[in-house]
Amino acid sequence: MSGVSLAVAPRTEPDKTTTSAADMNPQQRRHHQQQQQSMVGGVMGSLRVIELQLVAFIMVFSASGLVPLLDLIFPAFASAYLLLLSRLAFPPHGAAASNGSQEIFHGSRLFRLYVIVGTAVGLFLPLAYVLGGFARGDEHAVRSATPHLFLLSFQILTENIISGLSLFSPPVRALVPLLYTVRRIFVIMDWVADVWLNKKLPANAAFKDVAWFWFGKTLGVANLVYFSINLFVFLIPRFLPRAFERYFRETDESRAKMEEDKRSAAAAAAAAANMSQPAADKKSD
């Protein structure tokens, strides 16, 4: 969420201590391929479980009638826009496609703690708030927090999908959390205004009702504060520039490789021409 799968993705750089495929005998090569397939299968299996859970959340939220029409069509608009950017503005390079590492921003332990806090504040606690609203019959709480959870589920699903594909360049992958976070901030502002201005606590309310009332208010403000910091302190000034820096570096490397290949081809053609010239001279003599 919010660039988590893109920012703190595990490093997949090749291990320099392992033997290259060219130096392996057929049995070692077969064993190495089996290890790679089993590792990829395990990762893809866990990813599919997460994606299925997110799809289930999305379907439930969509069918509940609690998500406004604008928020329902926003993921379709964002996906179409990202595809257009990937094709027209920021196409991937061959060097990026062959590079196994999709990591854009490598965070420290403090940053990972920040991500864990954001996951709890942005996903788990709002989900508990919605489920508690269903259990308590608090339709006001359910209606306030559901649009945020719907958009966040779509964001995580989109990040998980494109982070494992080389079809999308770093700027396009970085724009996923940026677009969704901007939209969700407006949704969270509606959530905060709803629970602070429209929801009233009845007179002589029980302690558990008072605690539930203030839990909803505090949770809405906490989400607004966290994702505002995430947008203006991390995504815009650090995450997005890092993605463009990597993209333009890959562009320069791709162009340099193309120029080197052209020079190599020209040198090979000149060498072949020089070798054929003496043979032609001898034949004419």
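Residues numbered from 1 in each chain as written. Predicted model: local features only at pLDDT ≥ 70, side-chain atom pairs only at ≥ 80, totals over all residues. Heavy atoms only, no water.

## With respect to the overall build of the protein chain
Here is step 1: Within the protein chain, the regular secondary structure consists of eight helices and zero strands.
Here is step 2: Across the protein chain, helices and strands are ordered from the amino to the carboxyl terminus as α-α-α-α-α-α-α-α.
Here is step 3: A burial count over the protein chain gives 39% of its 285 residues as buried.
Here is step 4: The long-range fraction of contacts in the protein chain, counting pairs at least 24 apart against all pairs at least 6 apart in sequence, stands at 85%. (Helix = DSSP H or I, 4+ residues; strand = E, 2+ residues; numbered from the N terminus. Buried < 20%, exposed > 50% of the residue type's maximum accessible area, 1.4 Å probe, protein only. Contact = heavy atoms within 4.5 Å.)

## Looking at the nonpolar core
Here is step 1: Counting residues in hydrophobic clusters, the biggest one holds 51 residues, and the most contacted among them are Tyr129 and Trp191.
Here is step 2: Listing elements by their share of this core, those giving two or more residues are helix H2 (26-63), helix H3 (69-89), helix H5 (109-136), helix H6 (139-163), helix H7 (170-198) and helix H8 (207-284).
Here is step 3: Counting residues per element, this core draws most heavily on H7, at twelve residues. (Core = buried A, V, L, I, M, F, W, Y, C linked by side-chain atoms within 4.5 Å.)

## Re the packing of aromatic side chains
Here is step 1: In the structure shown here, the tally under the stated rule is 19 aromatic pairs.
Here is step 2: Clustering of aromatic rings is evident, with ring pairs tying together Phe111, Tyr114, Tyr226, Phe227, Phe234 and Phe239.
Here is step 3: It is Lys217 that lies over the ring of Trp214; its NZ or CZ is 4.8 Å from the centre. (Phe/Tyr/Trp six-rings, centres within 6.5 Å; stacked < 30°, edge-to-face > 60°. Lys NZ or Arg CZ within 6 Å of the ring centre and 35° of its normal.)

## Topic: the environment of Ile156
Here is step 1: Mapped onto the fold, Ile156 is located in helix H6.
Here is step 2: Looking at Ile156, the relative accessible area reads 12%, which means it is buried.

## Describing a nonpolar patch on the surface
Here is step 1: Together, Trp196, Leu197, Trp214, Val221, Val225, Ile229, Phe232, Val233 and Ile236 make up an exposed nonpolar region whose accessible area comes to about 850 Å².
Here is step 2: Of all the elements in the fold, those that place two or more residues in the nonpolar patch are H7 and H8.
Here is step 3: Broken down by element, the nonpolar patch gets its largest block of residues, seven residues, from H8. (Patch = residues over 30% accessible without salt bridge, like charges linked within 9 Å, V, L, I, M, F, W, Y side chains within 5 Å. Areas by Shrake-Rupley, 256 points an atom, 1.4 Å probe, with all protein chains shown as cover. Salt bridge = Lys/Arg side-chain N within 4 Å of Asp/Glu carboxyl O.)

## As for the pattern of salt bridges
Here is step 1: Overall, the coordinates contain five salt bridges when judged by the stated rule.
Here is step 2: The salt bridge involving Arg136 is made with Asp209; its shortest N-O contact spans 2.6 Å. On the criterion of sequence distance, the pair formed by Arg136 in helix H5 and Asp209 in helix H8 is long-range, its members being 73 residues apart.
Here is step 3: The residue Arg143 makes a salt bridge to Glu139 at a minimum N-O spacing of 2.9 Å. Of this pair, Arg143 and Glu139 are both found in helix H6, four residues apart, which corresponds to roughly one turn of the helix.

## Let's talk about the side chain of Asn223
Here is step 1: Mapped onto the fold, Asn223 is located in helix H8.
Here is step 2: Among the residues examined, Asn223 registers a relative accessible area of 0% and is labelled buried.
Here is step 3: When neighbours within four sequence positions are excluded, Asn223 is seen to be in contact with Val121, Gly122, Pro126, His148, Ile188 and Trp191.

## Some points on the packing of H3 against H7
Here is step 1: It is the contact of H3 with H7, at a shortest axis distance of 10 Å, that shows an interaxial angle of 155 degrees. One finds that H3 runs roughly antiparallel with respect to H7. Regarding H3 and H7, the two cross each other, and that crossing is right-handed. Contacts from Leu70, Asp71, Phe74, Pro75, Ala78, Tyr81, Leu82, Leu85 and Ser86 in H3 reach Val172, Leu175, Val176, Leu179, Tyr180, Arg183 and Val187 in H7. (Axes fitted to C-alpha atoms, helices over the stretch in contact; angles between N-to-C directions. Parallel < 35°, antiparallel > 145°, perpendicular 65-115°, else oblique. Left-handed = near helix turned anticlockwise from the far one by under 90°.)

## Here we look at the packing of H5 against H6
Here is step 1: Look at H5 against H6: their axes get within 9 Å of each other, and the N-to-C directions meet at 140 degrees. Taken together, H5 and H6 sit at an angle that is classed as oblique. Note on packing geometry: the crossing formed by H5 with H6 is left-handed. Contact residues: H5 offers Gly122, Leu123, Pro126, Leu127, Tyr129, Val130, Gly133 and Phe134, while H6 offers Ala141, Val142, Ala145, Thr146, His148, Leu149, Leu152 and Ile156.
Here is step 2: Here the residues of the contact of H5 with H6 sort into twelve nonpolar, four polar and no charged. (Nonpolar A, V, L, I, M, F, W, Y, C, P; charged D, E, K, R; others polar.)

## Details of H3
Here is step 1: Here H3 spans 29 Å end to end across 21 residues, near enough to the 30 Å set by a 1.5 Å rise per residue.
Here is step 2: Along H3, the positions that sit buried rather than exposed are Asp71, Phe74, Pro75, Ala78, Leu82, Leu85 and Ser86.
Here is step 3: Elements that come into contact with the buried residues of H3 comprise H6 and H7. (Expected span 1.5 Å × (residues − 1).)

## Side note on the side chain of His148
Here is step 1: By the element assignment, His148 lies in helix H6.
Here is step 2: Using a relative accessible area of 0% as the deciding quantity, one classes His148 as buried.
Here is step 3: In contact with His148, not counting residues within four places along its chain, are Gly122, Pro126, Arg184, Val187, Ile188, Trp191, Asn223 and Phe227.

## Some details on the environment of Lys199
Here is step 1: Within the fold, Lys199 resides in the loop between H7 and H8.
Here is step 2: Placed 17 residues apart in sequence, Lys199 and Gly216 show a C-alpha to C-alpha distance of 10.0 Å.
Here is step 3: Of the polar contacts made by the side chain of Lys199, one reaches the side chain of Asp138; its length is 2.7 Å. (Polar contact = N/O pair within 3.5 Å; in protein donor to acceptor, adjacent residues only side chain to side chain.)

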